[in-house]
Amino acid sequence: MDFGLNDDQRDIQGTARALVGERASAERVREHAEAGTTDTGLWKELGEIGWPGIAVAEEHGGQGLGMVELAILCEELGRAIAPVPFLPTVAAAAIIEHGGSDEQRARWLPDLAAGRAIGAVASADSADLVVGGAEADVVVLVDRSGASGAVVAAADATVEPVDAIDPTRPAARVSGGSPELLSGDVAAGVDRALVAIAAELVGVCEGSVEMTVAYVKERKQFGTPVGAFQAVSHKCAQMLLDTERARALVSQAAWCADAAPERLHEAAAMAKAAASDAGREVTSSAIQAHGGIGFTWEADVHWRYKRAQMDAVLLGGAGAHRARVAQLAAANVRSAVTA
Amino acid sequence: MDLTFSDTELAFRDELRGWLADNPAPPRPAEGGDDADFAWRRDWQRTLSDAGWAAPHWPAEFGGRGATLTQSAIYFEELGRARVPLPANVLGLLLGGPTLMVWGTDEQKDRYLPPILTGEEIWCQGFSEPGAGSDLAALQTKAVKDGDEWVVSGQKVWTSAAQWSKWCMLVTRTDGDVPKHKGLTYFLMDMEQPGVTVRPLKQITGEAEFNELFLEDVRIPDANVVGGVGNGWKVALTTLMNERAGLGFALQVRLRQYLDDLIAAADERGVLDAYAGELGELHTRCESIRLLAWKGLTDVEKYGQPGPEGSLVKWLWSDTNQRATQLAADIVGPDALTYGNDWSYELLRARGNTIEGGTTEILKNIVAERVLGLPRLKAAA
Ligand SMILES: Cc1cc2nc3c(=O)[nH]c(=O)nc-3n(C[C@H](O)[C@H](O)[C@H](O)COP(=O)(O)OP(=O)(O)OC[C@H]3O[C@@H](n4cnc5c(N)ncnc54)[C@H](O)[C@@H]3O)c2cc1C
């Protein structure tokens, strides 16, 4: 048993933290969020160093590393709320890699892996609204079961930008085009996409805990830092618990994707359920602990709340994944009885 | 990252699994109340210790197997999985023994450790007092030196298993003139002597696990001081740290089994879909408890010190266990609220989980202050 990262993974984490910390500072994020734009300079840079293709097989132009490495990057970018289409792109790539035909892989993966193309994913039941769809070159649509899906080239489709609450992931209504069915193991791709989303949420939470703890240590009322009040400090402790709980489940799910794929389906559902709830709870508490400032547009805490809300509903909310966990657990219990 | 066991660990697990399969614990006595229950757990401990399985986490020189941390976690998981009773002397095995190994003299180790292992001498923990619970260092039980003995008077409360115990880990005040953490001394007190009165306290479950303990001019030889006069706080902390480790793995496995039973009950009654959300949530929480417990343990193995996981695990487990027992009442219906079945027992017993071994509020304080570095609210003097 070893929950730690190996030396290479630790290097990836250290490099990512340094790079993201420098290029996606709070000021930069705010600028792009205000303008509703992606940081194209940073995105280009990430593409050049191969980040979007970190988990894509080498034969498709990726680095051929695993989900553990991908989750590290999602987490670091989430921590900063970096305004780049990384998550939508890697989620689309994972589904195309596992669910696509050789032709579909050849058409999309090399460009997605190099950041030359931007991807997006959406549940077919979210009507036609696609998070990140306004800038995507390729959109993957997944049905409610997560077992089948289709891929659409944005160039062939009608794309109408929509203002969504998280301007760092410009959304759009995508319709028409000629969706091509994905005939491979779509579920395996969707499960990996869920882990990536959950990893980003863990990062969003982690950054929210840090910023809130720093604030409540500084802010004084009644002659004492507000962080000394247990109503506040216990809320912060709860934020940490929610974050660590989700992190543990994400680590397991990422590891399963690489080393024990037969356990991935359940692990991914647990990770997405816990991370979606944590994202909402932790960022809500962050706003509350900031008081009036937390409700202002100026304070950066709302960008976190908005990103968490977008991620929480992406490819199914916590409730749907919890129900799936219960069904899978029930199936296990039944088979243990008959065995 | 590698979430699998090594071959040695698997071999350890399989040996234990095999032994547990060949040596099933006898069923819980249907009659005879708390005393019969305790005797059953004592017999079971004897069976374990005869086979060398009472405390694999102890070093071989003291009758253990020198198991690694991972192996001892596997041990507790497997005991939970086999649904065997907790050994009678759980406080001696998990708290008293390990405390003596750190602070005891060679004579103390030779004298006290072997009968802990066999269950011949049961141990209890005399820490809490009517006026000192969460604020343990405020305790008032007094010990005064008289020749080569100490004379002790005071009252302890919530002392689990005191009615069956031979030895008590007793924390007392030996110096009232120094700050409260500094004037404490840790003793091993013989429970079988005049001046020691044990009065069982009936709990909300109807049983009496814990007791009041009245001490009137009790005599303890100087040789029974553990860790030195005035050093009681540090020794007590060693005991408390052990309280929050180990057992967590067994409790976590029991929670998983409880949830599996509950899923089966929901399935049987055709209400799985109606309760799928909460069942899925509790299942997910239980899995995160398992992972956090393992992460905490592997951090200790790697970095030599536990992360924040210890407090998080106990907090999350107690909370989840309580929620699970409430959900059971919904799924099973009013039948779960009648005496004499496990559902009602667990529903009531679970209320103690957020109090015993440090309340949830105190755990949150620990996380806030020691993990997040938040300032502490100044307590009124
Ligand atoms: C089943 C069971 C078995 C036990 N077995 C033993 C045993 O064998 N030996 C032994 O010594 N003790 C034992 N205990 C005692 C247990 O350790 C204490 O009950 C516990 O530490 C709390 O102390 P208290 O009961 O005095 O509550 P108090 O400390 O009076 O707490 C009352 C309430 O105030 C809250 N509170 C107190 N201080 C703070 C603070 N600083 N911040 C926020 N909230 C606070 C508490 O969380 C609680 O909700 C047992 C308890 C139970 C329930």
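Above this text is the structure in question.
Residues numbered from 1 in each chain as written. Chains lettered and ligands numbered in written order. Predicted model: local features only at pLDDT ≥ 70, side-chain atom pairs only at ≥ 80, totals over all residues. Heavy atoms only, no water.

S.K.: For this particular structure, what's the right way to read the overall build of chain B?
M.R.: Scanning chain B from terminus to terminus reveals eleven helices and eight strands. In terms of overall size, chain B behaves like a compact globule, its C-alpha atoms giving a radius of gyration of 21 Å where 381 residues would be expected to give roughly 21 Å. Dimensions of chain B, computed from C-alpha atoms along their principal axes, come out at roughly 70 × 50 × 50 Å. Within chain B, the proportion of its 381 residues that are buried is 52%. Restricting to contacts in chain B with at least 6 residues of sequence separation, those with at least 24 account for 72%. Element-wise, carbon and sulfur atoms account for 52% of the exposed surface of chain B, whose accessible area totals about 16800 Å². (Helix = DSSP H or I, 4+ residues; strand = E, 2+ residues; numbered from the N terminus. Rg over C-alpha atoms; globule rule 2.2 N^0.38 Å. Buried < 20%, exposed > 50% of the residue type's maximum accessible area, 1.4 Å probe, protein only. Contact = heavy atoms within 4.5 Å. Areas by Shrake-Rupley, 256 points an atom, 1.4 Å probe, with all protein chains shown as cover.)

S.K.: Explanation requested: unusual backbone geometry in the structure shown.
M.R.: One can expect most non-glycine residues to show negative phi and most peptide bonds to be in trans. Residue L315(A) is not a glycine yet carries a positive backbone phi of 55°. Summarising the element assignment, L315(A) is placed in the loop between α10 (301–313) and α11 (318–338). Among the residues examined, L315(A) registers a relative accessible area of 8% and is labelled buried. The residue R83(B) is not glycine, and still its phi comes out positive at about 55°. For R83(B), the location among the structural elements is in the loop between α3 (69–81) and α4 (90–103). Take R83(B): its relative accessible area is 49%, and that puts it in the partly exposed class.

S.K.: Where do I start with a negative patch on the surface in this structure?
M.R.: All names here are of chain B. A cluster of acidic residues, E61, D106, E107 and D110, forms a negative patch on the protein surface. You can see D110 is positioned in helix α5 (residues 106–118). Given a relative accessible area of 59%, D110 falls into the exposed group. (Patch = residues over 30% accessible without salt bridge, like charges linked within 9 Å, V, L, I, M, F, W, Y side chains within 5 Å. Salt bridge = Lys/Arg side-chain N within 4 Å of Asp/Glu carboxyl O. Lys, Arg positive; Asp, Glu negative; His and termini not counted. Charge placed at Lys NZ, Arg CZ, Asp CG, Glu CD.)

S.K.: Honestly, the pattern of salt bridges in this entry has me stumped. Any pointers?
M.R.: Once their charged atoms are close, side chains differing in charge can pair, the charge on each being opposite to the other. All names here are of chain A. Summed over the entire model, instances satisfying the criterion amount to 49 salt bridges over all chains. Residues R23 and E45 are paired through a salt bridge, measuring 2.6 Å at the closest nitrogen-oxygen approach. Of this pair, R23 sits in helix α1 (residues 7–23) while E45 sits in helix α3 (residues 40–48), and the two are 22 residues apart along the sequence. On the basis of relative accessible area, E45 is assigned to the partly exposed category, the value being 22%. Salt bridges sharing common partners tie together R17, E75, E76, R79, E206, E210, E244 and R247.

S.K.: Is there a simple way to think about the sheet that holds strand β5 (residues 157–162) of chain A in this case?
M.R.: Picture the strands of a sheet paired through backbone hydrogen bonds; they go either parallel or antiparallel. Residues and elements named next belong to chain A. Strand order in the open sheet formed by three strands is β2-β6-β5, with antiparallel pairing between adjacent strands. Of all strands in the sheet, those with a lone pairing partner are β2 (129–130) and β5, marking the two edges. Two strands pair when backbone bridges link them, and β5 and strand β6 (residues 171–176) are joined in this way by six bridges, in the antiparallel orientation. Its bridge partner being in β6, E160 is matched across the sheet by R173. (Pairing = 2+ DSSP bridges.)

S.K.: What is the right way to look at the pairing of strand β1 (residues 123–126) of chain B in this model?
M.R.: For a regular strand, side-chain orientation follows a simple rule: the groups alternate between the two sheet faces. Residue and element names in this part refer to chain B. Alternating residues of β1 divide into W123 and Q125 and C124 and G126, and every residue in both groups is buried. Here four bridges tie β1 to strand β4 (residues 167–173), and the two strands are oriented parallel to one another. Paired with G126 across the two strands is L170, which belongs to β4.

S.K.: Would you take a moment to explain the site of the ligand for this structure?
M.R.: All names here are of chain B. Around the ligand lies a shell of 17 residues, among which Q125, S134, W158, T359 and E361 are the nearest. Between the ligand and S134, the relevant distance is 2.6 Å, taken from an oxygen atom to a side-chain nitrogen or oxygen of the residue. In the environment of the ligand, an oxygen atom lies 2.7 Å from a nitrogen or oxygen atom belonging to the side chain of T359. Protein chains bury 67% of the 970 Å² of accessible surface belonging to the ligand in isolation. Broken down by class, the residue content of the shell around the ligand amounts to five nonpolar, nine polar and three charged. Counting contributing residues per domain, the shell around the ligand is built from domain 2 (123–235) and domain 3 (244–371), each supplying no fewer than three. (Near = heavy atom within 4 Å. Polar contact = N/O pair within 3.5 Å; in protein donor to acceptor, adjacent residues only side chain to side chain. Nonpolar A, V, L, I, M, F, W, Y, C, P; charged D, E, K, R; others polar. Domains from an automatic or database assignment.)

S.K.: Is there a simple way to think about helix α1 (residues 7–22) of chain B in this case?
M.R.: Residues and elements named next belong to chain B. The end-to-end C-alpha distance of α1 is 22 Å, a good match for the 22 Å that 16 residues give at a rise of 1.5 Å each. Turning to α1, its buried residues number three or more, namely E9, F12, R13, L16, W19 and L20. End-on view of α1: buried residues confined to an arc of 130°, all on one side of the axis. Set apart from the buried face of α1 by more than 90 degrees, the exposed residues are D7, A21 and D22. If you follow the buried residues of α1, they end up packed against α2 (33–50) and α3. (Expected span 1.5 Å × (residues − 1). Arc of directions from axis to C-beta.)

S.K.: Would you mind showing me how to read the interface of chain B and chain A here?
M.R.: Facing 45 residues of chain B, the contacting portion of chain A comprises 46 residues. Counting each side, the surface lost to burial between chain B and chain A is near 4200 Å², with a carbon and sulfur contribution of 69%. Counting the surface chain B buries against chain A, the share from its top three residues, M1(B), L3(B) and L372(B), is 19%. There are four salt bridges connecting chain B and chain A. A salt bridge links D267(B) to R334(A); its shortest N-O distance comes to 2.4 Å. Run the count over chain B and chain A and you get 13 residue pairs in polar contact (both at pLDDT 80 or more). For the side of chain B that touches chain A, the secondary structure elements donating two or more residues are α7 (247–268), α8 (276–303), α9 (309–332) and α11 (360–371) of chain B. It is α8(B) that provides the largest number of residues to the side of chain B that touches chain A, a total of 18 residues. Residue composition of the side of chain B that touches chain A, by class: 22 nonpolar, nine polar and 14 charged. (Buried area = accessible area lost by both parts, 1.4 Å probe.)

Read these as spatial facts, not as claims about activity.
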